[in-house]
Amino acid sequence: MKALDELTFDNRFARLGDAFSTHVLPEPLDEPRLVVASNAAMALLDLDPAVAETPVFAELFSGHKLWAEAEPRAMVYSGHQFGGYTPQLGDGRGLLLGEVYNEAGEHWDLHLKGAGMTPYSRMGDGRAVLRSSIREFLASEALHALGIPSSRALCVIGSSTPVWREKQERGAMVLRLAPSHVRFGHFEYFYYTKKPEQQAELAEHVLNLHYPECREQPEPYLAMFREIVERNAEMIAKWQAYGFCHGVMNTDNMSILGITFDFGPFAFLDDFDAHFICNHSDHEGRYSFSNQVPIGQWNLSALAQALTPFISVDALKEALGLYLPLYQAHYLDLMRRRLGLTTAEDDDQKLVERLLKLMQNSGVDYTLFFRRLGDEPAALAVAKLRDDFVDLAGFDAWAGLYKARVERDGDYSEEQRRERMHAVNPLYILRNYLAQNAIAAAESGDYSEVRRLHEVLSKPFEEQAGMEQYAQRPPDWGKHLEISCSS
Ligand code: AMP
Ligand code: MG
């Protein structure tokens, strides 16, 4: 266990120099205070969780103090936003403070979001509000606990600094951790600004540090792109299987590591709705729940375009062709497991599709359906769930197929089935209304609810005594909360 001043820095991205990022000091927030910290994320830096409560912790993560070895930098990138190319973006309100390596030899970028203006702030104020910082914190840690690759969050620091959005709010900072903050948009930036040398430097950097095993392949860059395609297919399969809607899948928000990244108006589905749009500003539904799958491929094509200086178009096309079949295989594998199946049959995809269609038409709670399905043996479980469906005949037909399928699947005890299913079907997810409750309390100075919710979501598969209220469908007020993009 380390104290805060014992972190070891090795700022590899900063060393790439001024063509890649600009030195900027964080602008401190007034009266910083700890809102919430993640012990699991602290452990990634070998930090003793007790240090979160010390005043210097809040000072370090609100811009008041800096390690001597930190080198705060704003990174430059660009990206396709809602399908159109924006030639220059960059860290408009976040800073890469430096890279820390832990005792296991892993590197973690420390990225402070809401740290003030940078050369890339455009019209923005460089700030993040408490509400959006709490949402990013809760989502990153909750996704990780569900087994969905994500950037992590160490803490949220609140303040008294006024920040104007639709109304006056308070500024906050969230400390994000990821092995790299390189986005698809980094490659696009150097490609479209026609800087081949820097683009090659960036590609070498990412290859050497994050895809070293691809070095051994005959075409290392192609191997790396293939791996990126595979990771995206798997990540998006997990989003779809667990009902996560990212909301702003612009290429500047897509991590080169294939992890969920840059949280805005994201949401987890309550009722199953394939057409759900969580981003209030996404009028066309470009990033609707079901569109996430083709958009994943669209984004990879945008990256592929930026990699044409290194890889032949034919090879890129072939690698892109892996995306859909891989996505489908991962998705089906997860959905089989969510249904409690241990074997594969040809018609399983249809079984899943029929169920989702029935759910869609009945407004069935996506998370609780699967959890309850695993509570009991199949026949009993479907009999209890039947009342949630509008199309009873349709559900009965599906239930018949499902029971027969379970029968063919194998001979296991009630206990085995429950254990296996509960290990993949969470009881607790980050419902928008739960986040909203925690935010409302935090905005009035009470951080206990954010901390409790974080705690509950860190063990989503484990039933926790006294936490029944976190495993409920939303009340009427919490069903269709509109999450604004301004954060
Ligand atoms: P996002 O939609 O949050 O991923 O942000 C898109 C771009 O806008 C990124 O370059 C951000 O750094 C920038 N940005 C977002 N909010 C602000 C803000 N309040 N101040 C400055 N830049 C911002
Ligand atoms: Mg972004």
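Model, not experiment: these values are computed from the prediction.

S.K.: Would you explain the side chain of E136 in this entry?
M.R.: Within the fold, E136 resides in helix α3 (residues 130-146). Among the polar contacts listed, one links the side chain of E136 to the side chain of R176, at a separation of 3.2 Å. Sequence-distant contacts of E136, defined by excluding residues within four places in its chain, comprise K113, V174, R176 and F263.

S.K.: Would you mind showing me how to read the packing of aromatic side chains here?
M.R.: Taken as a whole and judged by the stated rule, the model has 26 aromatic pairs. Chaining the aromatic ring pairs together yields one cluster made of F272, F289, Y366, F369, F370, F389, F395, W398 and Y402. Positioned above the aromatic ring of F261, the side-chain terminus of R176 is 4.5 Å from the ring centre. Stacked on the ring of Y366, the Lys or Arg R338 has its end atom at 5.4 Å from the ring centre.

S.K.: Got a minute to help me understand the coordination of the magnesium ion (ligand 2) in this structure?
M.R.: Metal coordination angles have textbook ideals: 109.5 degrees for a tetrahedral set of four donors and 90 or 180 degrees for an octahedral set of six. Those donors, N253 (OD1) and D262 (OD), are the protein atoms that reach the magnesium ion (ligand 2), and they lie 2.0 to 2.1 Å from it. A relative accessible area of 11% means that D262 is categorised as buried.

S.K.: Sorry, what's going on with the site of ligand 1 here?
M.R.: Taken together, 16 residues lie around ligand 1, and G90, G92, D125, G126 and N253 are the ones closest in. Between ligand 1 and D125, the relevant distance is 3.0 Å, taken from a nitrogen atom to a side-chain nitrogen or oxygen of the residue. With respect to ligand 1, the side chain of N253 contributes an N or O atom lying 2.9 Å from an oxygen atom. A total of 490 Å² of accessible area belongs to ligand 1 in isolation, and the protein chains cover 79% of it. When grouped by side-chain class, the residues that make up the shell around ligand 1 number two nonpolar, seven polar and seven charged.

S.K.: Is there a simple way to think about the nonpolar core in this case?
M.R.: If you look at the biggest cluster of nonpolar residues, it comprises 162 residues, and the most contacted ones within it are F57, F61, F369 and W398. Among the elements that make up this core, the one with the highest residue count is helix α6 (residues 220-242) (14 residues). Domain assignment of the residues forming this core places at least three in each of domain 1 (4-181) and domain 2 (185-332). Discounting chain neighbours no more than four positions away, the residues touching F57 are L4, L34, M42, V51, A52, L154, C155 and I157.

S.K.: Can you walk me through the pairing of strand β7 (residues 107-113) in this structure?
M.R.: The side chains of a regular strand alternate, residue by residue, between the two faces of the sheet. With seven of its seven residues buried, β7 lies for the most part within the structure. On β7, burial covers both faces: H107, D109, H111 and K113 on one face and W108, L110 and L112 on the other are all buried. Once strand β6 (residues 94-101) ends, the chain turns through five residues before running back antiparallel as β7, passing G105 with a positive phi of about 85°. With five bridges joining them, β7 and strand β10 (residues 168-178) adopt antiparallel strand pairing. Note on β10: the bridge partner recorded for K113 is V174.

S.K.: Got a minute to help me understand the pattern of salt bridges in this structure?
M.R.: Note that side chains of opposite charge can pair when their charged atoms are close. Applying the stated criterion across every chain yields a total of 34 salt bridges. The partner of K350 in a salt bridge is D347, and the shortest N-O contact between them spans 3.6 Å. One continuous salt-bridge network, built from bridges that share partners, spans D91, K113, E136, R176, R183 and D262.

Procedures and definitions
- Residues numbered from 1 in each chain as written.
- Chains lettered and ligands numbered in written order.
- Predicted model: local features only at pLDDT ≥ 70, side-chain atom pairs only at ≥ 80, totals over all residues.
- Heavy atoms only, no water.
- Helix = DSSP H or I, 4+ residues; strand = E, 2+ residues; numbered from the N terminus.
- Polar contact = N/O pair within 3.5 Å; in protein donor to acceptor, adjacent residues only side chain to side chain.
- Contact = heavy atoms within 4.5 Å.
- Phe/Tyr/Trp six-rings, centres within 6.5 Å; stacked < 30°, edge-to-face > 60°.
- Lys NZ or Arg CZ within 6 Å of the ring centre and 35° of its normal.
- Donors = N, O, S within 2.8 Å, 3.2 Å for Na, K, Ca; no water.
- Buried < 20%, exposed > 50% of the residue type's maximum accessible area, 1.4 Å probe, protein only.
- Near = heavy atom within 4 Å.
- Areas by Shrake-Rupley, 256 points an atom, 1.4 Å probe, with all protein chains shown as cover.
- Nonpolar A, V, L, I, M, F, W, Y, C, P; charged D, E, K, R; others polar.
- Core = buried A, V, L, I, M, F, W, Y, C linked by side-chain atoms within 4.5 Å.
- Domains from an automatic or database assignment.
- Pairing = 2+ DSSP bridges.
- Salt bridge = Lys/Arg side-chain N within 4 Å of Asp/Glu carboxyl O.

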